[in-house]
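Descriptive structure summary
In case you want the letters, here they are:
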Amino acid sequence: MTSTSSISRRDLFKTGGAVLVSFVLALPKRGAAQSAAASTESGKPVDPREVDSFLAVHADGSVTLYTSKVDVGTGLRIAMPQMAAEELGISVDRIALVEGDTLITPDQGGTGGSTGIPRGAVEVRQAAATARQALLALGAEQLKRPASELTIVDGQVRPAAGGAGVNIGALIGGRRLSLKVDAQAPLKDPARYTLVGKPLLRPDVPGKCTGRHTYIQDFTLPGMLHGRVIRPASIGAKLLSIDESSVQGIPGLRVVHIENFLGVVARDEWAAVRAARELKADWSEWQGLPGNEGLERYVRQGPLDRDQELVSRGDPASALPASDKQFSATYQWPCQSHASLGPSCAVADVRADGATVWTSTQGTHGLRASLSKIFSIPQDKLRVIYLDGSGSYGGNGNDDVAADAVLLSKAVNAPVRVQWMRHDEHGWDPKGPPQILELRGGIDLAGRIQAWETQMWLPTSVPGTRPFLGVDAAGIVQPHGQGAGQISQNGDPPYAASNVRVVVHWMKQTPLRVSNLRAPGKIANVFAVESFVDEFATAAGIDAVEYRLRGLTDPRAIEVLKRAAEMIGWQARPSPNPRAAQGNLLVGRGIAYVRYKQAENYIGMAMEVAVDRASGKINLRRVTCAHDCGLVVNPDSLRNQIEGSILQTLSRALHEEVKFDHSRVTSIDWASYPILTFPEVPAIEVALIDRPMLPPLGAGEASTAPVAAALANAIFDATGVRLRTVPFTPARLKAALLRS
Amino acid sequence: MAKYSFQVNGRPVTVESWDPAQPLLYLLRNSVGLHGPKFGCGLAQCGACTVLLEGKAVRSCVTSVKDVAGRSVTTLEGLGTPEKPDTVQAAFIAEQAAQCGYCTNGMIMTARSLLNQTPKPTLEQVKQALAGNLCRCGTHTRILQAVLRAAKA
């Protein structure tokens, strides 16, 4: 039995949210135990100036940490406790971590740009250091000894010289410290670290390996219904009509229709899946996309918001024509999807007196602010709680699906879980933007850079949050911001060059919605810059490592470059490889270097490939990476992130391009949007360069940046062919080999 | 509603379904309460939903409940627990062979199936056995090491 709820936008905002026409399926009653959002644990401070916002000491001496930064598979869940435990003088297994809950965690910003450690954990560490001073003072009173003679070991405040102590739980357990975070509270001397720098095991891995870890996709509530959303047949289409008879046989189904928003809700998930698949709906025609083939023209001819000069040094306009050798090249990077392995999911429970949303968003507090405004739910009545999801690598479908769940829960007046289907995630996640870079440069007879100019075409930022798909479809007013992160960095060469200009042409529009995708913009920018530098080295007849070393003075830069080269057994010689041929294969090696954002991590990366001459297939053999991110907190988690960054970016460089026609995205599954598979996986060797006396930098994405460049340089070394357009598909390389 | 009886992790279960074509995945997750197998694509392309049917890896997102009646299903939960993991699970934990972990179910179940048939695989055999299992975080090298470690255990 099906019932249809055609709801007007205005009706949706009537008190209580239930505005429905006929509805046959008896909905489960809501238990009183399921209290509305804000009633539990309320009163806990969340002001980031307060120590109690970040940590609580319990009566048994255990500690809970609170942060808005979330562990999306990155290892923050062990690294942050390691840093706090070091200051507090307790063991890591006595620490629990609460991540991303707007009611009880302080707002330290969303999780992105590798800020989990350098901002999230550093703030928690300072709160822990402040707490340490307070605990020592309390211990001093109790033990009748000066605080300066005391230390904290295993959760006991005790004389440093030895003797009886008192447990921190006995000193303050269950009570608040009521202290401001002291920016001057002394931090432990890194030379005396016992936890930071150790490869402690991540606490979530055993649960993940035994099916006991609760993901957002696994979360249930009593009386929860399953929802699916039916996206329009083409991106801007209007819903013309629905034929409910097409889903008449599906039990316990409700169709929710709010302007152009179309969803189904059922108690049985499979019923919702089938209904979403089988419900017949007529949509208007819409053809507003340029299509893949027209993308470059669209970008170059599209209206510009403004030009911005990011780097202006010396006089490249005069220096370029005066250079002994001159170069120009265009590099292109396609639209790419976050392509999360599990489609995005959220559960919303919207009630008359407030709402709770469970989500794997990377920004709980930002999501609360947006949903609060759009749905007119006061922020103190709206609680957004993070649960792990499938890896997101930036803004995937997580925020959109949360809005879908709120819309459906509000419409049917019951808790609703919405999970997107595969075609929803591939088709509708906001994309990493397409990038075009035009480079011009010149060198002197010794190969030194005389002039450099980078022009980039990138989608401009529009203030405000990205519009939610469902909210737009339902005709509800919302901001229409646009942004894809810090996409214009690393567009200049990191080597000695006195005449440099980097200009961004900020485009007003973008064919598909964009968002931040791991290392936003910088993978393509480094791909262009480090490929172009390789072109200089080749033209100068200089070994690619030697060429780079000549332009570097920073010892940290020199060290990572040399280490990566040494690890792969680099033999100095110019490119291309004079002895590339090995049977049907052409073998070569490449190098790339980056200082991430020109201010953070130093990374050197080398790669060895074998290209199949006949097919154009690229076999990845070895990758070496030397990585300097300052203080290393957890070397094993860090290695995991670096290995992942390398493999994910190899996938992006070799395979990935979002395909679309004039109406819709057409790469909507793993067959049409292939990613790296096991048989392609190279051997990876990582060297960590630890700098215990320096601050820790984030490392979730920096090592993605040189990957495509190192790969392109290795392909050039093997074949003499320079690929300047991603992805490096066999067909593309084969065509280039035939042309060469 | 029709009832279907089969074994899950050694215990008999009976589930109800209005649709004999309902994929096993939804019934395991929503009726039996086993969340190890994950929905990834519903198209048998990624492997996140993998379970063992009579000891062999199958994609539960495209396996109809009617085809499972009377047979024996093992899920990730049935291999072991955090306290007592089986050898493949223990090897994945030792190698920290997960990032987000959404694909981990499929990796472990497929590896278990491989090792049931080929107890001492080569690296190349492991790569081929996992060729149809996708990982987006890029944990591949650790997963390969974990399977080889399990084979040695």
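Each remark here, short or long, concerns the structure printed above.
Within each chain, residue numbers correspond to sequence positions counted from 1 in written order. A letter from A marks each chain and a number from 1 marks each ligand, given out in the order of writing. Where totals are concerned, whole chains, interfaces and linings use all residues; where local detail is concerned, this predicted model gives features only for residues with pLDDT of at least 70, and gives and counts side-chain atom pairs only at 80 or more.

1. Re the nonpolar core
The term nonpolar core refers to a group of buried residues, namely Ala, Val, Leu, Ile, Met, Phe, Trp, Tyr and Cys, whose C-beta atoms join them within 7 Å. Burial in this document is a count-based property: other C-beta atoms within 10 Å of a residue's C-beta are tallied, and the residue is buried at 20 or more, exposed at 12 or fewer, or partly exposed in between, with C-beta positions derived from the backbone. Ala 346, Ala 405, Val 406, Leu 711 and Ile 715 of chain A are the most contacted members of the largest nonpolar core, which totals 277 residues. Sequence-distant contacts of Val 406 of chain A, defined by excluding residues within four places in its chain, comprise Ala 348, Val 350, Ala 355, Val 357, Leu 371 and Phe 375 of chain A. A pair of residues counts as a contact when their C-beta atoms, built from backbone coordinates, are within 7 Å of each other.

2. Points about the sheet that holds strand 19 (residues 435-443) of chain A
All names here are of chain A. Strands are labelled as partners when DSSP assigns at least two bridges between them. By definition, any uninterrupted DSSP run of H or I lasting at least four residues is a helix, any uninterrupted run of E lasting at least two residues is a strand, and each is numbered from the N terminus. What the 5 strands build is an open sheet, ordered 13-21-20-19-14; its pairing is mixed. With one partner strand each, in any of the chains shown, strand 13 (304-313) and strand 14 (325-333) form the two edges of the open sheet. Looking at each pair of strands side by side, their axes are set apart by 10° on average, direction ignored. Relative to strand 21 (residues 500-507), strand 20 (residues 449-459) runs parallel, the two being bridged by 8 bridges. Bridging from a neighbouring strand, Met 456 pairs with Val 504 of strand 21. For helices, the axis comes from a line fit to the C-alpha atoms of the stretch in contact; other axes are also lines fit to C-alpha atoms, and the angle between any two N-to-C directions lies between 0 and 180 degrees.

3. Side note on the packing of helix 17 (residues 635-655) of chain A against helix 18 (residues 707-719) of chain A
Residues and elements named next belong to chain A. At their nearest, the axes of helix 17 and helix 18 sit 9 Å apart, and the two run at 60° to each other. With respect to their mutual orientation, helix 17 and helix 18 come out oblique. For the pair helix 17 and helix 18, the sense of crossing is right-handed. For the pair helix 17 and helix 18, the contacting residues are Ile 646, Thr 649, Leu 650 and Ala 653 in the first and Val 707, Ala 708 and Leu 711 in the second. Side-chain classes are defined by residue name, with Ala, Val, Leu, Ile, Met, Phe, Trp, Tyr, Cys and Pro counting as nonpolar, Asp, Glu, Lys and Arg as charged, and the others, Gly among them, as polar. Considering only residue class, the contact of helix 17 with helix 18 consists of 6 nonpolar, 1 polar and no charged. Orientation is classified from the angle alone, with under 35 degrees giving roughly parallel, over 145 giving roughly antiparallel, 65 to 115 giving roughly perpendicular, and any other angle giving oblique. Take the far helix as your reference; a near helix turned counterclockwise from it by less than a right angle gives a left-handed crossing, and one turned clockwise gives a right-handed crossing.

4. Some thoughts on helix 11 (residues 398-412) of chain A
Counting along an α-helix, one turn takes 3.6 residues, and residues three or four places apart therefore face a common direction. Residues and elements named next belong to chain A. Helices are assigned an expected span. That span is 1.5 Å times one less than the residue count. Taking 1.5 Å as the rise per residue, helix 11 with 15 residues should run 21 Å; its terminal C-alpha atoms sit 21 Å apart, in good agreement. Most of helix 11 sits inside the fold, with 15 of its 15 residues counted as buried. In the stretch just after helix 11, Asn 413 is the one whose phi turns positive, near 55°.

5. Thoughts on the interface of chain B and chain A
Taken residue by residue, the interface counts 50 residues in chain B and 46 residues in chain A. Of all the elements, helix 6 (residues 140-152) of chain B adds the most residues to the side of chain B that touches chain A, at 4 residues. Within the side of chain B that touches chain A, the residues separate by chemical class into 23 nonpolar, 21 polar and 6 charged.

Functional significance is not addressed by these values, which are geometric in nature.
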